[in-house]
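# Remarks on the overall topology
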Amino acid sequence: MINQPSERFVARDFQQNPFIVIWEVTRACQLHCLHCRAEAQRHRDPRELSTEEGRALIRSVAEMDHPLLVFTGGDPLERPDLFEFIQYGRSLGLQVSITPSATPKVTREAIIAAKSAGLERWAFSLDGSRAEIHDKFRGTKGSFDRTMAALEILVEQGIPIQINTTVTRYNLGDLEQIARVVESYGAVLWSVFFLVPTGRARTKDMVTAEEHEAVMNWLYERAKNSTFDVKTTAAPHYRRIVIEHRAKETGAAPANRGFSIGKDPLRSGRGVNDGNGFVFISHTGEVYPSGFLPVAAGNVREQALADLYRESPLFKALRDTNQLKGKCGVCEFRNVCGGSRARAYALTGDYLESDPSCAYVPQALRASGD
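This is a predicted model, so every value here is computed, not measured. All residue numbers refer to positions counted from 1 along the written sequence of the respective chain. Side-chain atom pairs in this predicted model are given and counted only at pLDDT of 80 or more, local residue features only at pLDDT of at least 70, and totals for whole chains, interfaces and linings cover all residues. Calculation of side-chain values draws on the structure's entire complement of heavy atoms; hydrogens and water are dropped beforehand.

## Quick notes on the overall build of the protein
- A tally of helices and strands in the protein yields 14 helices and ten strands.
- Only protein chains enter the area calculation, which uses a 1.4 Å probe; residues under 20% of their type maximum are buried, those over 50% are exposed, and those in between are partly exposed. Out of the 370 residues in the protein, the part that is buried amounts to 59%.
- Residue contacts are defined here by distance: any two heavy atoms, one from each residue, within 4.5 Å place the two residues in contact. Of the contacts formed within the protein by residues at least 6 apart in sequence, a portion of 73% connects residues at least 24 apart.
- For the protein, the accessible area works out to roughly 15,000 Å², and carbon and sulfur atoms hold 49% of it. Per the convention used, a helix needs a DSSP run of H or I reaching at least four residues, while a strand needs a run of E reaching at least two, with both numbered from the N terminus. With residues, only the protein chains shown are counted as cover, and all accessible areas are computed by Shrake-Rupley using a 1.4 Å probe.

## A word on the pattern of salt bridges
- By definition here, a salt bridge exists when the distance from a side-chain nitrogen of Lys or Arg to a carboxyl oxygen of Asp or Glu is within 4 Å. Under the counting rule described, the total for this entry stands at 25 salt bridges.
- Across the pair Arg79 and Asp81 runs a salt bridge whose closest N-O atoms are separated by 2.8 Å.
- Put simply, Asp174 and Arg130 hold a salt bridge, and the shortest N to O gap is 3.8 Å. Taken together, the positions of Asp174 in the loop between strand E5 (161-167) and helix H7 (175-184) and Arg130 in the loop between strand E4 (121-125) and helix H5 (131-138) put the pair 44 residues apart, joining distant regions of the chain.
- A residue is classified by how much of its surface remains accessible, and Asp174, at 4% relative accessible area, is buried.
- The class of Arg130 is partly exposed, set by a relative accessible area of 41%.

## Description of the side chain of Ser290
- Mapped onto the fold, Ser290 is located in the loop between strand E9 (286-288) and strand E10 (298-299).
- Side chain to side chain, Ser290 and Asp274 meet in a polar contact 3.1 Å long.
- Among residues more than four places away in sequence, those in contact with Ser290 are Asp274, Phe278, Phe280 and Ala342. Under the rule applied, a polar contact is a pair of N or O atoms within 3.5 Å (in protein, one hydrogen donor and one hydrogen acceptor; residues adjacent in sequence only if both atoms are side-chain atoms).

## Overview of unusual backbone geometry
- A cis geometry characterises the amide bond from Gly73 onward to Gly74, with omega recorded as 20°.
- Position of Gly74 relative to the elements: it lies in the loop between strand E2 (68-72) and helix H3 (82-91).
- We note that His66 has phi near 55°; this positive angle belongs to a residue other than glycine.
- Note that His66 resides in the loop between helix H2 (51-62) and E2.

## Topic: the pairing of strand E1 (residues 20-24)
- Summarising burial for E1: five of the five residues are buried, a large majority.
- Judged from the five bridges that link them, E1 and E2 form a sheet pairing that is parallel. Across the sheet, Ile22 pairs through a bridge with Val70, a residue of E2.
- Note: two strands are recorded as paired if DSSP finds a minimum of 2 bridges between them. By the bridge criterion, four bridges tie E1 to strand E8 (residues 278-281) in an arrangement that is parallel. Bridge pairing in E8 links Val21 to Val279.

## Structural notes on the packing of aromatic side chains
- Two rings belonging to Phe, Tyr or Trp (six-membered ring only in the last case) form a pair when the distance between their centres is within 6.5 Å. Interplanar angles under 30 degrees mark stacking, angles over 60 mark edge-to-face geometry, and anything in between is tilted. The final tally for this structure, using the stated rule, is ten aromatic pairs.
- Centroid distance Phe71 to Phe85: 6.1 Å. Interplanar angle 40°. Geometry classified as tilted. Of this pair, Phe71 sits in strand E2 while Phe85 sits in helix H3; the two residues are 14 residues apart in sequence, bridging distant segments of the chain. Of the two residues examined, Phe71 and Phe85, each falls in the buried class.
- Here a set of aromatic residues connected by ring pairs shows up, and it is made of Trp23, Phe71 and Phe85.

## Description of the nonpolar core
- Formed by 85 residues in total, the largest nonpolar core has its most connected members in Phe71, Trp122 and Trp190.
- Among the elements that take part in this core, helix H6 (residues 143-157) stands out by supplying six residues, more than any other.
- For Trp190, the residues in contact, after removing those within four places along its chain, are Ile163, Thr165, Leu175, Ile178, Ala179, Val182, Trp218, Leu219, Phe228, Asp229, Val230 and Lys231.
- Counting seven residues, the second-largest nonpolar core is a separate cluster that includes Ile243, Cys331, Cys358 and Tyr360. Only buried residues count toward a nonpolar core, which is a set of Ala, Val, Leu, Ile, Met, Phe, Trp, Tyr and Cys residues joined through side-chain atoms within 4.5 Å.

## Section: the packing of H5 against H6
- An axis is simply a line fitted to the C-alpha atoms; with a helix, the fit covers only the stretch in contact. Between two such axes, the angle follows the N-to-C directions and lies from 0 to 180 degrees. At a minimum axis distance of 8 Å, the contact between H5 and H6 shows a crossing angle of 110°. One finds that H5 runs roughly perpendicular with respect to H6. Of H6, the residues touching H5 (which contributes Ala131, His134, Asp135 and Arg138) are Ser143, Phe144 and Thr147.
- Residues are sorted three ways: Asp, Glu, Lys and Arg are charged, Ala, Val, Leu, Ile, Met, Phe, Trp, Tyr, Cys and Pro are nonpolar, and all the rest, Gly among them, are polar. When its residues are assigned to classes, the contact of H5 with H6 shows two nonpolar, three polar and two charged. Between 65 and 115 degrees an angle is taken as roughly perpendicular, under 35 as roughly parallel, over 145 as roughly antiparallel, and anywhere else as oblique.

## What about the sheet that holds E9?
- As summarised here, the arrangement of the ten strands in space is E7-E6-E5-E4-E3-E2-E1-E8-E9-E10, forming an open sheet in which the pairing is mixed. Taken across any chain shown, the strands that pair with only one partner, and hence form the sheet edges, are strand E7 (229-233) and E10.

Just geometry here; none of it tells us what the structure is for.
What follows is the structure, given as structure tokens:
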């Protein structure tokens, strides 16, 4: 599953333009997920970006060298103008994905409307291989069955599928079974999130640093023999795992500057991290390095998205690995990994501190005996 990603994305200068932009079009959602980053609510916020403001935002995204654009929430299907946004983004040459919730709003008609608008990919969350696990995680009975039914329609309609799974202590033993479900629906990508304790998520729900390491080693081996690609979110140290494994397999010294994983053309050939190739816009226009790092650089209602991404002290600091502290600051893999800045902030209050979920000891510290 090793291939070169699109040249358009490999050549991107992350100092100037992001690889991916995620816009939280609403926080309204009818699920009650235990780990919800957005702390979603039943009803739409009247302060949401309007349709016209949304179209202006999409134009500003396209002007940043056409990064990937993802509409998320809450539940993006709570916005009646979602399909208009998809169509508008596609008309500007953007590749557009959505991450809806598995609610009664996911109808055959909605799926066909998304396809007609030009949707590039549909992502669903799956946090258990059976209803007992998934529904408890999502806080809503019937969510698993709705997800399975919707996946059948997506397959029937030929819409590329992405499955998102958040690793917690509740589903740690179910990952292989989830992977089999992902494979059975022909998903192109399994996006494996590692819990960041923000929003409703709690620190006690996280897996340990050693369990992070074990899961990522397993993911590497699983991906080699899977029909789908694997990526991690809030776990950039997976890139180190990939580099280390490939070094062992080839007998060469680890190459700490670059890598590519999988055949998915909508993948970066470089390390994307919070604020570095990644930008998140909230439902009210606040601009964050990611949805899991709730420190705002500004608001698109007041400043241009490009200016906030390129020039804000927050984003510039996150793109400068020389500012990293602790073991992340001396790690030989900091330029391809850099640790989860969101988790560092959630657990230490400092987004430049070391990522507590990483069990790796850098060579510099091993040499010094620290």
